[in-house]
Amino acid sequence: MTRGAREITLRFLAAPTDAGYSGTVGGGRVLEWIDKAGYAAAAGWSGTYSVTAYVGNVRFSRPVEVGDLVEATARVIHTGTSSMHILVTVSAGNPRDGQLRPTTDCIMVFVAVDGSGRPTPVPALVAETDDDRHWQRSAVQRIDLRAEIAEAMAAQTYSDAGTAPRVVLRFLAAPTDVNWGGKVHGGIVMRWIDEAAHVLATQWTGSASNVAVYAGGVRFYRPLRIGDLVEVEARLLLTGTSSMHVSVHVRSGDPAATGELALTTHSLIVFVPLDAEGNAVAARTWEPVSDEDRALRDHARALVEMRNRIDDARHIP
């Protein structure tokens, strides 16, 4: 495998159709771009079709404006037997001066699969520079932290005993959602997550001026197929001074079968309400009522601490 296949940069203009309800590019669209760039790097490195397995700690540090020149760069920083850990950074700016500023970054995990959909080995990445070794150590340290987050998320109960505000979107996965392997691609699923959380944030605040500032713990459990019935459930877990922490579950299944839907993806996303000038404002406080509400609120607080540890891991020497 040539070193040139390790990194790829996508360049394009942010179109008017990419705009969210706040006027800038929506977080769901940025998540789509991240997934596309990550897939391009994974496929280039593995030489085969690859599936999104995990997306962690996506922080939206500044908005992307419609008309901006956008660069999405994906770089393989660590490999396992069949997995590829990929650092994706998104930068944007006015194309007239070409000065692009970082807007988003994250680490994604892709798994290479063969024609039967089974994991297949990938070439091993050999760190050659100090920068290579830094990112490889960061990726390795995140593996245990990511497993801890996944275990904490899987242990939570979401039932009718909860009284928290929630929104459920239901629709069919359309042919236009297809990826290069014939299934719904991860970027589309992440856009659905953003949209459901945005609906919930809008209902809670009474305003559509809410933006995603963080998405993480995005774990893909099973593929989602074209024609599947899809259910995206967003549930408020915690409100902060100017934040709303929302858990989102994506379930899917064959609408012609029993009607039972299996968990496809689980994520946590944080929204912030904005005023007319685009500044963060106070979020309406939600107080837990049931034991389940309080357990999920505490879970959300614990995830904040875990995310901070992941940020620390990124900067290990």
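The preceding data block contains the structure.
Quick notes on the rules
- Residues numbered from 1 in each chain as written.
- Predicted model: local features only at pLDDT ≥ 70, side-chain atom pairs only at ≥ 80, totals over all residues.
- Heavy atoms only, no water.
- Salt bridge = Lys/Arg side-chain N within 4 Å of Asp/Glu carboxyl O.
- Helix = DSSP H or I, 4+ residues; strand = E, 2+ residues; numbered from the N terminus.
- Buried < 20%, exposed > 50% of the residue type's maximum accessible area, 1.4 Å probe, protein only.
- Expected span 1.5 Å × (residues − 1).
- Pairing = 2+ DSSP bridges.
- Axes fitted to C-alpha atoms, helices over the stretch in contact; angles between N-to-C directions.
- Parallel < 35°, antiparallel > 145°, perpendicular 65-115°, else oblique.
- Left-handed = near helix turned anticlockwise from the far one by under 90°.
- Contact = heavy atoms within 4.5 Å.
- Polar contact = N/O pair within 3.5 Å; in protein donor to acceptor, adjacent residues only side chain to side chain.

Chemist: Explain the pattern of salt bridges here, please?
Modeler: Any two side chains of opposite charge can pair if their charged atoms end up close together. Inspection of the entire model under this criterion finds 19 salt bridges. With a closest N to O distance of 3.1 Å, E195 and R191 form a salt bridge. Placement of both E195 and R191 in helix α3 (residues 186-205) is noted, with a separation of four residues, approximately one turn of the helix. Note that R301 is salt-bridged to D298, the shortest N-O span being 3.9 Å. Highlighted residues: R301 and D298, both in helix α4 (residues 291-314), separated by three residues, approximately one helical turn. Relative accessible area serves as the criterion here: at 39%, D298 is assigned to the partly exposed category. The network of salt bridges with shared partners includes D18, R29, E32, R191 and E195.

Chemist: So what exactly am I meant to see when it comes to unusual backbone geometry here?
Modeler: For N57, which is not glycine, the phi dihedral falls at a positive 50 degrees. Within the secondary structure layout, N57 lies in strand β2 (residues 50-60).

Chemist: What is the right way to read α3 from this model?
Modeler: Note on helix geometry: an α-helix contains 3.6 residues per turn, so any two residues three or four positions apart are oriented the same way. Its 20 residues give α3 an end-to-end C-alpha distance of 28 Å, which sits within 8% of 28 Å, the value for a rise of 1.5 Å per residue. Buried residues dominate α3, accounting for 15 of its 20 residues.

Chemist: Would you explain the pairing of strand β3 (residues 69-79) in this entry?
Modeler: Within a regular strand, the side chains alternate between the two sheet faces. Burial analysis of β3 places ten of its eleven residues in the buried class, the great majority of the element. Pairing between strand β1 (residues 7-13) and β3: seven bridges, direction antiparallel. The residue bridging R11 from the neighbouring strand is E71, located in β3. When β3 meets strand β4 (residues 83-93), the two strands line up antiparallel, connected through ten bridges. Paired with A74 across the two strands is V88, which belongs to β4. Counting the residues in the hairpin turn of β3 and β4 gives three residues.

Chemist: Looking at this structure, how should I read the packing of helix α1 (residues 27-46) against α3?
Modeler: To describe two helices that pack against each other, one gives the angle between their axes and the distance between the axes. Remark: α1 packs on α3, axes separated minimally by 8 Å, with the N-to-C direction vectors making an angle of 160 degrees. Compared by their axis directions, α1 and α3 come out roughly antiparallel. Here the hand of the crossing between α1 and α3 comes out right-handed. Residues G27, G28, R29, L31, E32 and D35 of α1 form the contact with α3, whose own contacting residues are G186, G187, I188, M190, R191 and D194.

Chemist: Even after reading the chapter, I still don't get the environment of R222, so can you show me in this structure?
Modeler: Within the secondary structure layout, R222 lies in the loop between β7 (210-220) and β8 (229-239). Between the C-alpha atoms of R222 and S252, which are 30 residues apart in sequence, the distance is 9.4 Å. Once residues within four sequence positions are removed from consideration, R222 is found in contact with S252, A262, L263 and T264. At 3.0 Å, the side chain of R222 and the side chain of S252 are in polar contact.

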